[in-house]
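Each chain, letter by letter, is given below.
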Amino acid sequence: MNQTKSLFRRFLKGHFLFIFFPPFVLIFFSAFIGFSTNGEELNTLNLFYIVLLLFGFIIVAFVITSWIFFLRLRKRLTRLQEVMSFSANNNSFPKPISVQSDRMDEIDQLGSSFNWMIQQLEDSRKREYEEELLRHRLIANLSHDLRTPLTILRGHVTRLNKESISLEGQNSLTEINHTITRVGDLMDDLLSYTLLTSGKHPFRPTSTDIGRLVRASVAAWYPVFEEKEIQIDVDLPTEETFYWEADPKWMTRVLDNLFQNILRHAAEGKYANIVVDVEKEQIIVADRGPGMDNSSYECGAGIGLSTSSYMLKKMKLKADFTSNEDGTRVAIGRA
């Protein structure tokens, strides 16, 4: 076990030896031995000069010794502070600092605790990386392996649709086919989120005309909304716009996810409101569906919304959700 020594005790010990010891010697000799010059004792004036000279020496020695002590103390603390600042500025773990294991004081104990903390953080990051890698590999393999039985199920549903069955059976097959499609979409969202968080989807931010991007997305989705008989109420200014430092592909993916959620979970409301607010620099998407507390949203929209939230956070944007039984409103703006 390393021997621990107090820094304050070392400070007092050094000052006692070099500052307070000489006066004790002077008092001892003057009291019991006395001073003499050529056989004559020192007079009071000479003794005063000696005492004054001694106290001057004590003051100078005190200042020099304290200065050296605190200079060395400041140097050690500055070295520790520089190591911590380097890790904060470079977003990385610092290298362990050297400590005196044979004679440890409070600062060496602080350095030893700092080194232990670094080791624990490095081990934790390594375990987290290995677990994340394993999770990504597991999700990718699971998504791939589940496609085969889903394809087989869809094939059997298609074959049964050609058979002569009752209306109730036909409705059951339709629901099965719809469920298979939904499970496939969920696996696609899960795989996309996994690839996104693992850095497989490149992020290329650029100055993006948001008004133009939203108009292009609405134009692409308009036939789909029309087919589902969903009324679209849009407010997309053509003469005014604003710009975000965003990845156009990622931003389009976010809008696709919001529009897709309207079709999946709010189609019964038969309404979609899409607004580009140039003054507030916001994109607003609203519907008249059952709200996000509905089980359909909880089961089907979570992964897609997580993907969108991750993308928006990377682009320094955010989405504010307002949802109740009358519908859901999403406002996208700067974070």
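Here the structure is a predicted model, which means the values were calculated and not measured.

> Where do I start with the sheet that holds strand 7 (residues 282-287) in this structure?
Either a parallel or an antiparallel arrangement is found when strands of a sheet pair, and the pairing is made through backbone hydrogen bonds. If you walk across this open sheet you meet the five strands as 4-6-7-9-8, and the pairing is mixed. The sheet is open, and its two edges are formed by strand 4 (231-235) and strand 8 (317-324), each paired on a single side. Strand-to-strand twist across the sheet, computed as the mean angle between neighbouring axes with direction ignored, equals 10°. Where helix 5 (residues 210-227) meets the sheet, it contacts strand 4, strand 6 (271-277) and strand 7, and its direction lies at approximately 170° from that of strand 6.

> Whenever I open this one, the packing of aromatic side chains confuses me. Can you help?
Working definition: an aromatic ring pair is given by the centre-to-centre distance plus the angle between the planes. Under the definition given, this model contains five aromatic pairs. Taken together, the ring pairs connect W221, F225 and F259 into an aromatic cluster. Lying over the aromatic face of Y271, R288 brings its terminal NZ or CZ to 3.7 Å of the ring centre.

> Whenever I open this one, the confidence of the model for the chain confuses me. Can you help?
For any part of a model where pLDDT is low, the fine detail of the predicted coordinates should not be relied upon. Looking at the chain as a whole, its pLDDT mean stands at 78, while 78% of the residues score no less than 70. Looking over the chain, one finds the lowest element-wise mean pLDDT in strand 1 (residues 36-37), namely 48, and the highest in strand 5 (residues 243-246), namely 96.

> Would you take a moment to explain the side chain of D277 for this structure?
By the secondary structure assignment, D277 is in strand 6. The side chain of D277 sits in the buried core without any salt bridge; K280 is the nearest counter-charge, 4.7 Å away. Only 3.2 Å separates the side chain of D277 from the backbone nitrogen of E279, close enough to count as a polar contact. Excluding residues within four positions of it along the chain, D277 makes contact with F242 and Q282.

> Which parts of the structure should I look at to understand unusual backbone geometry?
In most cases, non-glycine residues show a negative phi, while peptide bonds are predominantly trans. In the Ramachandran plot, E229 falls in the positive-phi region, its phi being about 60° despite a non-glycine side chain. Relative to the elements of secondary structure, E229 occurs in the loop between helix 5 and strand 4. The backbone phi angle of E281 is positive, close to 55°, even though this residue is not glycine. Counting through the fold element by element, E281 comes out in the loop between strand 6 and strand 7.

Calculation rules
Residues numbered from 1 in each chain as written. Predicted model: local features only at pLDDT ≥ 70, side-chain atom pairs only at ≥ 80, totals over all residues. Heavy atoms only, no water. Pairing = 2+ DSSP bridges. Helix = DSSP H or I, 4+ residues; strand = E, 2+ residues; numbered from the N terminus. Axes fitted to C-alpha atoms, helices over the stretch in contact; angles between N-to-C directions. Contact = heavy atoms within 4.5 Å. Phe/Tyr/Trp six-rings, centres within 6.5 Å; stacked < 30°, edge-to-face > 60°. Lys NZ or Arg CZ within 6 Å of the ring centre and 35° of its normal. pLDDT = per-residue confidence, 0-100. Buried < 20%, exposed > 50% of the residue type's maximum accessible area, 1.4 Å probe, protein only. Lys, Arg positive; Asp, Glu negative; His and termini not counted. Salt bridge = Lys/Arg side-chain N within 4 Å of Asp/Glu carboxyl O. Polar contact = N/O pair within 3.5 Å; in protein donor to acceptor, adjacent residues only side chain to side chain.

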